[in-house]
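Fold and geometry: a report
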Amino acid sequence: MMALDPESPRDLQGLRVLIVEDEPMLASSLEDALTDLGCVVIGPALNMTDAIRLAREAEMDGASLDVNIAGEKVYAVVDILMARGIPFVFMTGYGKAGLRESDLSRPVLQKPCNLNRFVEIVRGWR
């Protein structure tokens, strides 16, 4: 994950973001970046059991979703978030290739992702 642009505005104070990522180093890096921006991090969920529970129960403004969580597709979480009207971004090493047809209109960031692009997407959740 790239470093955050030092000129990036800090206007995301208090935004609640769920992180679903099974790679602990990536989850930690994303959590640090969001915390630096003033966001409140939900999770990170490192497995589908936690991800589904948090997607159902947690109060959040948006979510960052790895498509493949320990060999399982994240679609159960996607469906819960869509039903709740919560925006999300996919983060994946596979680009749009790993997505369902119904998810192709959603934002997708290729790993390793450009953090500034991620911030642009999250800013749209305000």
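Before reading further, recall that the structure is shown in the block above.
Reference entry: report on the structure contained in this document. Computed from a predicted model, the values in this text were never measured in an experiment. Each chain has its residues counted from 1, running along the sequence as written. Local features in this predicted model are restricted to residues of pLDDT 70 or higher, and side-chain atom pairs are both shown and tallied only at a pLDDT of 80 or more, whereas totals for entire chains, interfaces and linings draw on every residue. As a rule here, side-chain values cover all heavy atoms of the structure and leave hydrogens and water aside.

Details of the overall build of the protein chain
What counts here: Runs of H or I in DSSP of at least four residues are treated as helices and runs of E of at least two as strands, each being numbered from the N terminus. The reference for a compact globule is 2.2 Å times residues^0.38; the radius of gyration itself is calculated from the C-alpha atoms.
Looking only at helices and strands, one finds four helices and seven strands in the protein chain. In the protein chain, the succession of α and β elements from N to C terminus is β-α-β-α-β-β-β-α-β-β-α. Expected size for 126 residues packed as a compact globule is a radius of gyration near 14 Å; at 13 Å, the protein chain falls within 12% of this value. Overall, the protein chain is about 35 × 30 × 25 Å in size when its C-alpha atoms are taken along their principal axes.

Let's talk about the pattern of salt bridges
Put simply, the rule reads: Basic side-chain nitrogens of Lys or Arg form a salt bridge, by our definition, when they fall within 4 Å of a carboxyl oxygen of Asp or Glu. Buried means the residue's accessible area, taken with a 1.4 Å probe over protein chains only, is under 20% of the maximum for its type, while exposed means over 50%, and partly exposed covers the values in between.
For the structure shown, the criterion picks out six salt bridges. Residues Arg100 and Asp103 are paired through a salt bridge, measuring 2.8 Å at the closest nitrogen-oxygen approach. On the accessibility criterion, Asp103 (0% relative accessible area) is buried. Of the charged contacts, one joins Glu120 and Arg117 as a salt bridge, the two residues approaching to 3.1 Å between their closest N and O atoms. Of this pair, Glu120 and Arg117 both sit in helix H4 (residues 115-123), three residues apart, which is roughly one turn of that helix. Among the residues examined, Arg117 registers a relative accessible area of 39% and is labelled partly exposed. Several salt bridges share partner residues, and in doing so they unite Glu21, Asp66 and Lys111 into one network.

Re unusual backbone geometry
Between Gly43 and Pro44 the backbone carries a cis peptide bond, its omega angle lying at 5 degrees. Locating Pro44 in the fold gives a position in strand S2 (residues 40-45). Despite not being glycine, Ala70 shows a phi value in the positive range, around 50 degrees. Topologically, Ala70 is positioned in the loop between strand S4 (68-69) and strand S5 (72-73). Judged by its relative accessible area of 60%, Ala70 falls in the exposed class.

Re the packing of aromatic side chains
Filter applied, for reference: Whether two aromatic rings pair depends on their centres lying within 6.5 Å, for rings of Phe, Tyr and Trp, where Trp uses its six-membered ring; planes under 30 degrees apart make the pair stacked, over 60 edge-to-face, and the rest tilted.
Inspection of the entire model under this criterion finds one aromatic pair. Their ring planes at 80 degrees and their centres at 5.3 Å tell us that Phe88 and Phe90 sit as a pair that is edge-to-face. Comparing Phe88 with Phe90 shows no difference in burial state: the two are buried.

Here we look at the environment of Ala58
Structurally, Ala58 can be placed in the loop between helix H2 (48-57) and strand S3 (62-66). What makes Ala58 buried here is its relative accessible area of 11%. Between the C-alpha atom of Ala58 and that of Asp32, which follows or precedes it by 26 residues, the distance is 20 Å.

Some words on the pairing of S2
The line we're drawing: Should DSSP find at least two bridges between two strands, the strands are taken to pair. A clockwise path from the first strand over the helix to the second, with the strands pointing away from the viewer, defines a right-handed crossover.
Looking at chain direction, strand S1 (residues 16-20) and S2 are connected through four bridges and run parallel. Bridge pairing in S2 links Arg16 to Val40. The parallel pair S1 and S2, bridged by helix H1 (residues 24-36), forms a crossover whose chirality is right-handed.

A closer look at the environment of Ala27
With respect to the helices, strands and loops of the structure, Ala27 is situated in helix H1. Accessibility expressed as a relative area gives 1% for Ala27, which makes it buried. In the structure, Ala27 is positioned 88 residues away from Leu115 in sequence and 13 Å away in space, judged by C-alpha atoms.

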